[in-house]
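# Understanding the architecture of this molecule
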Amino acid sequence: ISRAIPLHNSGKTSAAVLLSPAHGVNLTRGTFMPYLGLGTAKLATEKTIQAVTAAIDAGYRHFDCAAIYGNEKDLGVALKEVVGPAVKRQELFITSKLWNSHHHPDDVRPALLQTLRDLQLEYLDLYLIHWPMGYVRSKDYLTEHRQGTVRPSEDHYTDTWRAMESLVEEGLIREIGLSNFNSRQVLEILDVAKMKPSVLQVESHPFLPQKELFNFCRQHGIVVTAYGPLGLSQSSARKPDVPSLLEDSRVMAIAAKHHKTPAQVLIRFQIQRGVVVIPKSATPSRIQENSQVFDWQLTDEDMAALEKFESHRIITYDKEAKHPLYPFHEPF
């Protein structure tokens, strides 16, 4: 299996894009990360096993999880069902994320161990600091998050990072990275890191292409993962004045030209930029459909058009804008 996607933006289809969902990139410490993964935020209990099974059947081997999603126990049950009969553990790439209430260095290892218990795994392929903002330590962080009663802590992510590094040394994590950090914050991590971040996961779609941030990451050898690649049309965070990308006439026209769905165009857009992408769905037919993005490509004109949309950030986390480590005050 090839371990990297040769990227081409010409209008012609070439053998270089005839790829499967197993294709991906080698991270800092040599771990192979597939370009396509299944996002699991808000994946309901009754649909978890169905979604994971459908994803495995469609060729997915990458699953993106987080403690704050509140469904890692369900995902653990689902993964247990497929590991062994369908795939080996070493064929999978599992990501999870450290929540803001666990930024104190003493809390990082217990938080990871809880995630491993919930997911029924012995190690994670990738562990991310979910947000740069730390909250006061709490055992009932899910309730506090839902109720909006969290309070900022004085914990700094550089201290959290050192604790993350020790978990790699212990063999509990293969790779470590960041999520929702801006370029200045990433540089602060790089300044203190023994192990540089392997991945930065951020919101990205044609309304938020993140070109400056992506170029910054490439300069520093950091792989980018795009969450919300379909425009987060079902997200409660999406403001009423932000249009649906899946129904956007420009996306639909490109999709019609290639005889693809709008979702396939939006996923291919990221992969063709060399970005890992984690679309979310609980519907088996859509999970299958979303995986069919490796045997065709967008033209230069398509790519240019998709990078010129009006700007809309969907996940703004406005309620935390006064937190001293809030990431979205910076240009990128």
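Summary of the structure given here. Here the structure is a predicted model, which is why all the values come from computation and not from measurement.

Glancing now at the environment of E91. Tracing the backbone through its elements, the reader meets E91 in the loop between α2 (72-82) and β5 (93-98). Relative accessible area serves as the criterion here: at 40%, E91 is assigned to the partly exposed category. Each C-alpha atom, one on E91 and one on R61, is 6.7 Å from the other, the two residues being 30 residues apart in sequence.

For the rest of this paragraph, the subject is the sheet that holds strand β6 (residues 124-129). In a beta sheet, neighbouring strands pair by backbone hydrogen bonds and run either parallel or antiparallel. Spatial strand order, β3-β4-β5-β6-β7-β8-β9-β10: 8 strands in an open sheet with parallel pairing. Whereas interior strands pair on both sides, the edge strands pair on one side only; in this sheet they are β3 (38-39) and β10 (276-277). Helix α3 (residues 105-119) contacts β5, β6 and β7 (173-179) of the sheet and is inclined by roughly 135° relative to β6. Its contacts with the sheet place helix α5 (residues 157-170) against β5, β6 and β7, and it is angled at close to 160° to β7.

Following the sequence through the fold, T316 ends up in the segment after α11 (300-306). On the accessibility criterion, T316 (16% relative accessible area) is buried. Separated by 78 residues in sequence, T316 and R238 place their C-alpha atoms 9.2 Å apart. Apart from residues lying up to four places away in sequence, T316 is in contact with K239, Y326 and F328.

Parameters and conventions
- Residues numbered from 1 in each chain as written.
- Predicted model: local features only at pLDDT ≥ 70, side-chain atom pairs only at ≥ 80, totals over all residues.
- Heavy atoms only, no water.
- Helix = DSSP H or I, 4+ residues; strand = E, 2+ residues; numbered from the N terminus.
- Buried < 20%, exposed > 50% of the residue type's maximum accessible area, 1.4 Å probe, protein only.
- Pairing = 2+ DSSP bridges.
- Contact = heavy atoms within 4.5 Å.
- Axes fitted to C-alpha atoms, helices over the stretch in contact; angles between N-to-C directions.

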